[in-house]
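Structural description and commentary
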Amino acid sequence: METWRLLNHPSPARGAWNMALDEAILEAAGRGDSPPTLRLYAWEPACLSLGYAQPVSDVDLPRLETLGWDLVRRPTGGRAVLHVDELTYSVCGPLDSPCLAGGVLESYNRLAAALVEALRMLGLPVEIQEQGASPAKRTDNPVCFEQPSTYEITVNGKKLVGSAQARRRDGVLQHGSLPLTGDLSRILQVLFFPDEEARQNARDRLLGRATTAASALGREVTWAQAAQAYQAAFCNVLDLDLRVGELSAQELARAEALRSGKHASSDWINNKKS
């Protein structure tokens, strides 16, 4: 049984801080200064996150500013996600952790088994479906929850959880979103489309291919209920001794440096990475 740290962060935080904290934990856990960590968190205000290589030209920046939403760039790949009314999880640990060892798909499927169990504990009849979309088709689509990936966690044929992974020399970060409630098509308000007809078509496609926990169940699932299910499922499926912990002083200091110097930086957000 492997011992992991659990960080419960139900108080919402801004996007740049959330991304900086995930990266600081990744560095510390990868070095062995902190244990492998499951972090559960929330966002405020609403935040649009772009995948590592996604062009910022996908975003309608004036609309984003008018709405008062944040904009960040994730250290992981994939396409745009609007973080609001959701539970977000992140997993950080060294490459030799039994849960994270192997390639991207091997470790992702290991973690996906825990995610599936958590969602079933909430009453959601989820399954993992293999997709066959071509890379070109994926690249052309700016919205994560409309973009097929190799393995999808779905309910009633609709995508429910979006996850992405980054593997570095010493560590692995995987994070993902469980939309709890709300209108998934809100993201389309801040993305560029050639005209309103194209925006409406995108809305129809998105709502036909993705859903929220509340829509699938017909009742509300709270953040606390989802967090409790995630904790139990990670322990049971991955055979973890999951212990509630705190951030170290070093992690907090590193996260603040990453927030101010990177994740809140226009150069990082605009993809001008050194």
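Residues numbered from 1 in each chain as written. Predicted model: local features only at pLDDT ≥ 70, side-chain atom pairs only at ≥ 80, totals over all residues. Heavy atoms only, no water.

Once that is clear, we can look at the packing of helix H1 (residues 15-31) against helix H8 (residues 249-263). Where H1 contacts H8, the two axes come as close as 8 Å, and the packing angle between them is 130°. As the angle between them shows, H1 and H8 are arranged oblique. In terms of crossing hand, the pair formed by H1 and H8 is right-handed. Seen from H1, the contacting residues are Ala16, Trp17, Met19, Ala20, Leu21, Glu23, Ala24, Ile25, Glu27 and Ala28; seen from H8, they are Glu251, Leu252, Arg254, Ala255, Glu256, Leu258, Arg259, Lys262 and His263. Residues belonging to the contact of H1 with H8 are distributed by class as follows: 11 nonpolar, 1 polar and 7 charged. (Axes fitted to C-alpha atoms, helices over the stretch in contact; angles between N-to-C directions. Helix = DSSP H or I, 4+ residues; strand = E, 2+ residues; numbered from the N terminus. Parallel < 35°, antiparallel > 145°, perpendicular 65-115°, else oblique. Left-handed = near helix turned anticlockwise from the far one by under 90°. Contact = heavy atoms within 4.5 Å. Nonpolar A, V, L, I, M, F, W, Y, C, P; charged D, E, K, R; others polar.)

Bringing the sheet that holds strand S5 (residues 81-83) into the picture now. The strand order across the open sheet formed by 3 strands is S4-S3-S5, and the pairing between neighbours is mixed. Strands at the two margins of the open sheet, each flanked by one partner only, are strand S4 (70-73) and S5. The mean angle between the axes of side-by-side strands here comes to 25°, regardless of whether they run parallel or antiparallel. Along the sheet, H1 makes contact with strand S3 (47-50) and S4, crossing S4 at roughly 25°. (Pairing = 2+ DSSP bridges.)

What follows covers the side chain of Ser90. For Ser90, the location among the structural elements is in strand S6 (residues 86-94). Within the structure, the side chain of Ser90 is placed 2.9 Å from the side chain of Asp22, a separation counted as a polar contact. Ser90 has contacts with Asp22, Thr37, Leu38, Arg39, Tyr41, Leu173, Gln174 and His175, leaving out every residue within four places of it along the chain. (Polar contact = N/O pair within 3.5 Å; in protein donor to acceptor, adjacent residues only side chain to side chain.)

Before going further, it helps to examine the pattern of salt bridges. Under the definition given, this model contains 17 salt bridges. Three or more residues are tied together by salt bridges with common partners; here these are Asp60, Arg63, Glu196 and Arg199. (Salt bridge = Lys/Arg side-chain N within 4 Å of Asp/Glu carboxyl O.)

Moving on, we get to the environment of Asp239. Topologically, Asp239 is positioned in the loop between helix H7 (223-238) and strand S11 (240-244). Exposure remark for Asp239: the relative accessible area of 42% places this residue in the partly exposed category. When the C-alpha positions of Asp239 and Leu100 are compared, they lie 13 Å apart, and in sequence the two are 139 residues distant. Apart from the residues within four sequence positions on either side, Asp239 is in contact with Met1, Glu2 and Phe234. (Buried < 20%, exposed > 50% of the residue type's maximum accessible area, 1.4 Å probe, protein only.)

Running from N to C, helix H3 (residues 104-121) and H7 cross one another at 130°; their axes reach a closest spacing of 8 Å. Taken as axis vectors, H3 and H7 run oblique relative to one another. Considering the relative orientation of H3 and H7, their crossing is right-handed. Contacts between H3 and H7 involve Arg110, Leu111, Ala113, Ala114, Leu115, Glu117, Ala118 and Met121 from the first element and Ala229, Tyr230, Ala232, Ala233, Phe234, Val237 and Leu238 from the second. Looking at side-chain class alone, the contact of H3 with H7 contains 13 nonpolar, no polar and 2 charged residues.

In terms of nonpolar packing, the biggest core is built from 40 residues, with Leu38, Leu40, Leu119, Tyr230 and Phe234 touching the most fellow members. Each residue touching Leu40, except ones within four places of it in the same chain, is listed here: Leu6, Leu7, Asn8, His9, Pro10, Leu87, Thr88, Tyr89, Trp223, Ala227, Tyr230 and Gln231. Core analysis: the second largest hydrophobic core is formed by 22 residues, Val56, Leu64, Val190 and Ile269 among them. (Core = buried A, V, L, I, M, F, W, Y, C linked by side-chain atoms within 4.5 Å.)

Moving on to unusual backbone geometry. Looking along the chain, the bond that leaves Glu44 and enters Pro45 is cis, with omega of 0°. Along the chain, Pro45 turns up in the loop between strand S2 (37-43) and S3. Here Asp85, not a glycine, exhibits a phi torsion of approximately 55°, which is positive. Among the structural elements, Asp85 can be located in the loop between S5 and S6. For Asp85, a relative accessible area of 36% puts it in the partly exposed group. Positive phi outside glycine occurs at Asn156, with the angle close to 55°. Considering the arrangement of structural elements, one finds Asn156 in the loop between strand S8 (151-155) and strand S9 (158-167). A relative accessible area of 62% places Asn156 in the exposed class.

Following the sequence through the fold, Asp60 ends up in the loop between S3 and helix H2 (61-67). Note on Asp60: relative accessible area 10%, which makes it buried. For Asp60, the residues in contact, after removing those within four places along its chain, are Val190, Leu191 and Phe192.

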